[in-house]
Amino acid sequence: MSDIGELPQTTRIAAYALVVDDARQILLVRIAPGYQAAGQWTLPGGGLNFGEDPVVGARRELEEETGLVGQMEQIAFVSSWTRGPEPQQGLGAFQAIQIVYHAHIVGGSIRHEIEESTDMAAWIPLAEARELAIVELVETALEHLEASELAIAD
């Protein structure tokens with residue numbers, strides 16, 4: 001068994017697009033089989049390449065996963081979580097930092113990603129989003145949208 005001090009610590013920085021259209025639908029992608037959380041829905045986005053600007057990464061991931069071209073706007077929220085270490089499985093500590101941008105679509109046509117980390121892209125009515133199997137990031141995004149609407153109503 002490895003000593004905990006010998007296990008690697010990994011930080012993954014990812015950027016995502018939070019897109020809601022005029023019909024009050026949120027753009028989501030489904031995680032493909034073979035990936036952690038397979039079958040669950042998440043925001044379009046993913047890990048940044050080394051040296052990549054988060055806005056550029058969010059735009060790239062949006063287009064790769066959905067076929068849509070987006071304009072990133074202000075940061076909606078930043079989420080961070082940690083896991084591990086799990087020495088019995090040989091896993092070190094892991095930290096995820098997720099930067100989520102409000103975005104709007106400026107081009108492209110929706111399509112599904114093939115043989116990658118997602119297998120479906122869809123516009124989901126906001127009122128129905130929680131009926132799907134969603135990852136925590138989507139739950140946080142829905143809470144953010146609800147809080148924003150309350151702030152506007154006040």
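Residues numbered from 1 in each chain as written. Predicted model: local features only at pLDDT ≥ 70, side-chain atom pairs only at ≥ 80, totals over all residues. Heavy atoms only, no water.

### Details of the sheet that holds strand S7 (residues 118-125)
The test is simple: Strands were regarded as paired on the criterion that DSSP finds at least two bridges between them. Only DSSP runs of H or I covering at least 4 residues are called helices, and only runs of E covering at least 2 are called strands; the numbering of each starts at the N terminus. Here, residues are in contact when the closest pair of their heavy atoms is within 4.5 Å. All axes here are fitted lines through C-alpha atoms, helices being fitted over the stretch that makes contact, and every angle between N-to-C directions spans 0 to 180 degrees.
Taken together, three strands build an open sheet; the order of strands is S3-S2-S7 and the sheet is antiparallel. Only two strands of the sheet have a single partner each, and these edge strands are strand S3 (41-42) and S7. One ladder, built from seven bridges, connects strand S2 (residues 25-31) with S7; its direction is antiparallel. Among the inter-strand pairings, Gln25 is bridged to a residue of S7, identified as Pro125. Contacts between helix H1 (residues 54-66) and the sheet are confined to S2 and S7, with S2 contributing the most and set at about 75° to the helix.

### Overview of the packing of aromatic side chains
Operational definition: Ring pairs are drawn from Phe, Tyr and Trp, using the six-membered ring of Trp, whenever the two centres fall within 6.5 Å, and their geometry is named by plane angle: stacked under 30 degrees, edge-to-face over 60, tilted for the rest.
Overall, the coordinates contain one aromatic pair when judged by the stated rule. Here Trp81 and Phe94 contribute two aromatic rings whose centre-to-centre distance is 5.6 Å and whose plane-to-plane angle is 50°, an arrangement assigned as tilted. Of the two residues, Trp81 sits in strand S5 (residues 68-83) while Phe94 sits in strand S6 (residues 94-108), which places them 13 residues apart along the sequence.

### Here's the deal with the nonpolar core
To keep things clear, this is the line we draw: By convention a nonpolar core is built from buried Ala, Val, Leu, Ile, Met, Phe, Trp, Tyr and Cys residues, the set being connected through side-chain atoms within 4.5 Å. Relative accessible area decides the class of each residue, using a 1.4 Å probe on protein chains only: under 20% of the type maximum gives buried, over 50% gives exposed, and in between gives partly exposed.
Among the nonpolar cores identified, the biggest contains 22 residues, and Leu18, Ile26, Leu43 and Val100 are the most heavily contacted of them. Within the residue set of this core, elements represented by two or more residues are strand S1 (10-19), S2, S5, S7 and helix H2 (136-153). Once you skip the residues sitting within four places of it in the chain, Val100 turns out to touch Tyr16, Leu18, Leu43, Ile75, Ala76, Phe77 and Leu137. Of all hydrophobic cores here, the second largest spans eleven residues; its members include Ala15, Ala58, Leu68 and Ala103.

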